[in-house]
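Structural overview
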Amino acid sequence: MNIPQSSFPRFVIIGGGFGGIAMAKKLRNKDAQVVLLDKHNYHNFQPLLYQVSTGGLEPDSIAYPIRKVLQGYPNFYFRLANVEEIDTKGKRVLTNIGDISYDYLILATGSETNFFGNKGIETMGMAMKTIPQSLNLRSLILENFEQALLTDDLHERDALMNFVIVGGGPTGVELAGALAEIKKGILPKDYPDLDTRRAQINLVQAGDRLLPAMSEVASRKAEQFLEGLGVNVWKNIRVAEYDGKRVTTNTNTIFDTYTLVWAAGVQAVGIKGLDAKEILCRGNRLKVNQFHQVEGFEEIFAIGDVAQMESEEFPNGHPMMAQPAIQQGRNLGENLVRLLDEKPMKPFKYKDKGSMATVGRNKAVVDLPKFKFQGVFAWFVWMFVHLYFLIGFRNRVVVFINWVYNYVRFDREARLIIRPFKKQNRVDRRGLMQD
Ligand SMILES: Cc1cc2nc3c(=O)[nH]c(=O)nc-3n(C[C@H](O)[C@H](O)[C@H](O)COP(=O)(O)OP(=O)(O)OC[C@H]3O[C@@H](n4cnc5c(N)ncnc54)[C@H](O)[C@@H]3O)c2cc1C
C-alpha cells in the first residue's frame, strides 16, 4: 500500500462514514499513524439520499471527499480500497490493493440493505443506501414516466406510474412524501399529455404504525401528513414476493408496479475473518464492550452501525443512526488518545438527542427528549439539523440554496436521467449485483 513505516503505533480505520471520520479527527496531532481505508473516496450523507432519488439535490451536494476531510492532518493516509478480509492472528488487513498491518484496527463499515434472503426483491427491487443506488432510482422513476407516455395499454401505464415503497421507517416516509409532492407539483407540468393523476404512491408497513422508533404522536401525525399528500398507507401487510412487475403480500393485496423500493431492513457490513458466530449479533453486528472493543480482541474496535454495544437501556445495541455512530467515534478517538497516554479508557454513554423525519414541505415530526412537535416549526428544525451535520461548507451552501429555490419555485430541477438504469443489466454474469 506504500505507507511508510513509522515509530508511532499504526491505527487502521475501515470506513470513512459518520463514525470513522468522527474518530479519525480525534487522532489529529497525536503520536499515531492513521490509515483510513474506504471503498469510496467520499463521505456519503445518507439521510439526504432520498432527495437525490427524487431530483431535489444533486449527489455532489451530499457527498464530500474524504481526502479533503484529512487535509493538513500529519501522519494521516487515505487509501481507496475495498477491504476483503482481516487476518486477526497476523494483525493484517487484506484489501483489493494489497495488505496492511495494524497495531489497532477500527471497524466503521456501516450497514447495507437487508433483503432477508428474498432473491426476487433483491434482484428486481431498488435499494437506497448508496449514491449510485439513489441515482439508479432517480433514473428509473423518470424513465417510467417517459415509458408511460409511449404505451396504449392502460394497465401497463398504471404499473409504470405505480410506486411501492416497503418499510415505514424514516426512509420510507420521506421518500413517499417526496414522490407525492412530485406527483402534485411537477408531473402535471412535465407530462401534460399524460394523466398523472393515476400515479399511485404506496407505502407498505409490516407493523401497525409508521415510524415505529418514534413516539405514537409522531407516527400518527406522519401518517396524516402522508395521507393528506395522497399517499396510500398500507399497514399490517408484509410483502412476500416481487418479480419485477407484481408485488404479492401475505394478504390478498397485490400491486402491479415496475418500481418497488425496499427500505425495510438493514444489516451490518461484516468482513471475513471477523465473523465468528460468538461475536456476531442480530443483523450481523459485532458484539463490542463499553470501550468499543470487539469481544475477544483488545486491539480491534467497532463503532456505528456495525457495532452492537448491549446495555440495560439498549439491550439490542444503539439505534443504527448517525448520532450513535458520531458519538461512538468521538468516544473511541478520545479513548485511543488515552491509551497512547497510558491512561484508562472511558466507557461509552449514549446521549439521546432525539429523532426526526420529514414528510414534505412544511411537514415534519420531531421527538426531542423533552418535547415533541410536528408541522412547520419541526420542518425548519429538521432542515437546520441536516444542514448542520452535512460535511463541508460548500455542501451546506449548495443544499441551502437548493432548498430555498425548491421552496419558492415548488420545483426539483435535478430530475435528470444522467445514467439510464436498466434492471436487466443489473446482475452480472457471476450473478452479483452491480450497484
Ligand atoms: C436512506 C437513509 C436515510 C437515513 N436517514 C437517517 C436520518 O435521518 N438520521 C440518522 O440519524 N440516520 C439516518 N440514516 C442512518 C445513518 O446514515 C447511519 O446510521 C450512519 O451512516 C452509520 O454510520 P457509520 O459510520 O456506522 O457507517 P456509514 O456512514 O455507512 O459509513 C460506512 C463506510 O464504510 C465504508 N465501507 C463499508 N464496507 C467497506 C469495505 N469492505 N471496505 C472499505 N470501505 C468499506 C463505506 O463505503 C462507508 O463510507 C439513514 C440511512 C439511510 C440509508
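Above this text you will find the structure in question.
Summary of the structure given here. Computed from a predicted structure; not experimentally measured.

**Overview of the site of the ligand**
Around the ligand, the surrounding shell holds 28 residues, and the nearest of these are Gly19, Asp38, Gln46, Asp305 and Ala322. Contact between the ligand and Asp38: an oxygen atom at 2.6 Å from a side-chain N or O atom of the residue. Within the backbone of Ala322, one N or O atom sits 2.9 Å away from an oxygen atom of the ligand. Computed on the free molecule, the ligand has an accessible area of 1000 Å², of which 90% lies beneath the protein chains in the complex. Sorting the residues of the shell around the ligand by element identifies α1 (18-26) and α10 (322-340) as the ones contributing at least two each. Residue composition of the shell around the ligand, grouped by class: 12 nonpolar, 12 polar and four charged.

**Here's the deal with the nonpolar core**
One finds Phe145 and Leu226 to be the most contacted residues of the largest nonpolar core, which totals 69 residues. Core analysis: the next-biggest nonpolar cluster, separate from the first, contains 28 residues, Ile86, Ala302, Ala307 and Phe348 among them.

**Quick look at the packing of aromatic side chains**
Using the criterion set out here, one finds 14 aromatic pairs in the structure. An aromatic cluster is defined as three or more aromatic residues linked by ring pairs; in this entry it consists of Phe145, Phe163 and Tyr191. Its end group placed over the ring of Tyr407, Arg361 keeps NZ or CZ at 4.0 Å from the ring centre. Above the face of the Phe410 ring, Arg361 is positioned so that its terminal group lies 3.6 Å from the ring centre.

**As for unusual backbone geometry**
One non-glycine residue, Asn236, adopts positive backbone phi at about 55°. Here Asn236 shows up in the loop between β13 (232-235) and β14 (239-242). Overall, the relative accessible area of 47% leaves Asn236 in the partly exposed class. Its identity as a non-glycine residue notwithstanding, Asn362 has a phi of 65°, on the positive side. When its relative accessible area of 23% is taken as the criterion, Asn362 is described as partly exposed.

Calculation notes
- Residues numbered from 1 in each chain as written.
- Predicted model: local features only at pLDDT ≥ 70, side-chain atom pairs only at ≥ 80, totals over all residues.
- Heavy atoms only, no water.
- Near = heavy atom within 4 Å.
- Polar contact = N/O pair within 3.5 Å; in protein donor to acceptor, adjacent residues only side chain to side chain.
- Areas by Shrake-Rupley, 256 points an atom, 1.4 Å probe, with all protein chains shown as cover.
- Helix = DSSP H or I, 4+ residues; strand = E, 2+ residues; numbered from the N terminus.
- Nonpolar A, V, L, I, M, F, W, Y, C, P; charged D, E, K, R; others polar.
- Core = buried A, V, L, I, M, F, W, Y, C linked by side-chain atoms within 4.5 Å.
- Buried < 20%, exposed > 50% of the residue type's maximum accessible area, 1.4 Å probe, protein only.
- Phe/Tyr/Trp six-rings, centres within 6.5 Å; stacked < 30°, edge-to-face > 60°.
- Lys NZ or Arg CZ within 6 Å of the ring centre and 35° of its normal.

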